[in-house]
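# Residue-level structure breakdown
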Amino acid sequence: MKMTFRWYGLDDKISLKYIRQIPCMSGVVTAVYDTPVGEVWSRESINALKTAAESEGLSFEVIESVPVHEDIKLGSGDAARYIENYKENVRRLGEAGVKCICYNFMPVFDWLRSELKKENADGSNALAYDHKTVLAMNPLTSDLDLPGWDSSYTKAGLKELLNKYSGIDEEKLWENLAVFLKAVIPVAEEAGIKMAIHPDDPPWGIFGLPRIITDKKNLKRFLDIVDSPSNGITLCTGSLGVSTSNDLVDIIKACAGRMPFVHLRNIKITGEKCFEESGHISACGSLDMYEIIKALKETGFDGYIRPDHGRMIWGEEGKAGYGLYDRALGAMYLWGLIEAIEKQSKEGK
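A brief look at the structure comes next. The residue count restarts for each chain, going from 1 along the sequence in the order it is written. Reporting in this predicted model follows two pLDDT cut-offs: at least 70 for local features of residues, and 80 or more for side-chain atom pairs to be given and counted; totals over whole chains, interfaces and linings ignore these cut-offs and use all residues. In computing side-chain properties, one takes all heavy atoms of the structure into account and sets aside hydrogens as well as water.

Salt bridges are defined by distance alone: a side-chain nitrogen of Lys or Arg within 4 Å of a carboxyl oxygen of Asp or Glu. Taken as a whole and assessed by the stated rule, the structure comprises 30 salt bridges. With a closest N to O distance of 3.6 Å, glutamate 56 and arginine 20 form a salt bridge. A residue pair is termed long-range when its members are at least 10 positions apart, and glutamate 56 in the loop between helix 2 (43-55) and strand 3 (59-64) and arginine 20 in helix 1 (residues 16-20) qualify at 36 residues. To sort residues, take the accessible area from a 1.4 Å probe on protein chains only and compare it with the maximum for the residue type: under 20% means buried, over 50% means exposed, and anything in between is partly exposed. According to the relative accessible area criterion, glutamate 56 is buried, its value standing at 13%. What counts as a helix is a DSSP run of H or I of at least four residues, what counts as a strand is a run of E of at least two, and both are numbered from the N terminus.

Written out as structure tokens, the structure is:
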């Protein structure tokens, strides 16, 4: 397994020098943020990230993410042009040595939370989701805060965009996803890149929008659309794990060989469709991180991992879920589990 760290580019307040100081950190997970969604990334922007990372001894092999334009998800407008642009981005990233691209197919919203700074008993704060609070929101009439909104997007066309999705149900979204995959995956194969779709977060519909990358059945359906090593998933334990019907160990076994990238984080389920993000340690949340990593090792996973959404601790201020300290602690905890599991395996225990 290769331990990586999410880095938001040259403007990230968390420097590459600090990331490099985390033991066993092999590389960064990043993206180009100076280009509108759907347009082609310049080689200059790609190479600037690569040069910056490699100058600090960190690899530049995982991109998260190349956003999928809403026209592609809707299957309308300039979808064909945006798919061609996406293919060109895959080619250019392959030229730069990228091996894995994480992306998602969630309509309108990326990951969504109802609270960004829920205070914990120990004085730290973390992301939280309360379904009743979300249901009470009306994105068409209120000034909705969008914690998961990519910086490339704006709120300007939100109402119009939501109206466009009024005629898109789950099956239509599946159809549009299939069109995208059948066009992009052959290019990824040629570029030596593994595409890794991120599960919907949370894995249920919100604001009447369809969500389809939500459970084992749908993950298997997704993988069957294009049966290729370049068509894979990002296993995000925190996204899939908030649904009590998802057995993460079972999902790992079912999707073995098709998971080039894994987001490892814990969450604490507090009620029906309600959860808080916690420290990575198993005892802090509802997920058994030991069993998850053990299943990854037993199924031969050798791809990229990263600690995901962390709490804000020790007075740190920054991008919600993406502080330095708690994610660094998470990386060390995860690496300790990996080392122990590997040694147990060698000893036949």
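Read on for the rest.
Let's shift gears to the packing of helix 11 (residues 289-298) against helix 12 (residues 325-346). Fitted lines through C-alpha atoms serve as axes, helices being fitted only where they are in contact, and the angles separating the N-to-C directions of these axes extend from 0 to 180 degrees. Close contact between helix 11 and helix 12 brings their axes to 10 Å; oriented N to C, the two are set at 55°. One way to sum up the angle between helix 11 and helix 12 is to call them oblique. As helix 11 packs across helix 12, the resulting crossing turns out to be right-handed. Contacts between helix 11 and helix 12 involve Met289, Tyr290, Ile293, Lys294 and Lys297 on the former and, on the latter, Tyr333, Leu334, Leu337, Ile338, Ile341, Glu342 and Gln344. Think of it as three bins: nonpolar holds Ala, Val, Leu, Ile, Met, Phe, Trp, Tyr, Cys and Pro, charged holds Asp, Glu, Lys and Arg, and polar takes everything else, Gly as well. Residues of the contact of helix 11 with helix 12, tallied by class, amount to 8 nonpolar, 1 polar and 3 charged. Note on terminology: angles under 35 degrees are roughly parallel, angles over 145 are roughly antiparallel, angles of 65 to 115 are roughly perpendicular, and the others are oblique. Helix crossings are classified by the rotation of the near helix relative to the far one: an anticlockwise turn of less than a right angle makes the crossing left-handed, while a clockwise turn makes it right-handed. The contact criterion used throughout is that any non-hydrogen atoms of two residues lie within 4.5 Å.

Residues Tyr86, Ile101, Leu177, Phe180, Met195 and Phe222 are the most contacted members of the largest nonpolar core, which totals 93 residues. Sequence-distant contacts of isoleucine 101, defined by excluding residues within four places in its chain, comprise Ile63, Val66, Tyr86, Val90, Leu93, Ile193, Lys194, Met195 and Ala196. We define the nonpolar core as a collection of buried residues of types Ala, Val, Leu, Ile, Met, Phe, Trp, Tyr and Cys that are connected through side-chain atoms lying within 4.5 Å of one another. With 7 residues, the next largest nonpolar core counts Val29, Val62, Cys100 and Ala196 among its residues.

To continue, consider helix 4 (residues 79-95). Each residue after the first adds 1.5 Å to the expected span of a helix. If you check helix 4, its first and last C-alpha atoms are 24 Å apart, about what 17 residues at 1.5 Å a residue would give, namely 24 Å. Within the sequence span of helix 4, burial applies to Ala79, Tyr82, Ile83, Asn85, Tyr86, Lys87, Glu88, Asn89, Val90, Arg92 and Leu93. Of the surrounding secondary structure, the elements contacted by the buried residues of helix 4 are helix 2, strand 3, helix 3 (70-74), strand 4 (100-103), helix 7 (170-191) and strand 7 (194-197). Just downstream of helix 4, glycine 97 is the residue with a positive phi angle, here 95°.

Between glutamate 64 and serine 65 the backbone carries a cis peptide bond, its omega angle lying at 0°. Residue proline 202 follows aspartate 201 across a cis peptide bond; omega there is 0°. With respect to the element layout, proline 202 can be found in the loop between strand 7 and helix 8 (216-225). In this model, cysteine 24 sits at a positive phi of 65°, which is unusual for a non-glycine residue. Locating cysteine 24 in the fold gives a position in the loop between helix 1 and strand 2 (27-30). The class for cysteine 24 is partly exposed, based on a relative accessible area of 44%. Its identity as a non-glycine residue notwithstanding, phenylalanine 207 has a phi of 55°, on the positive side. Its place among the elements puts phenylalanine 207 in the loop between strand 7 and helix 8.

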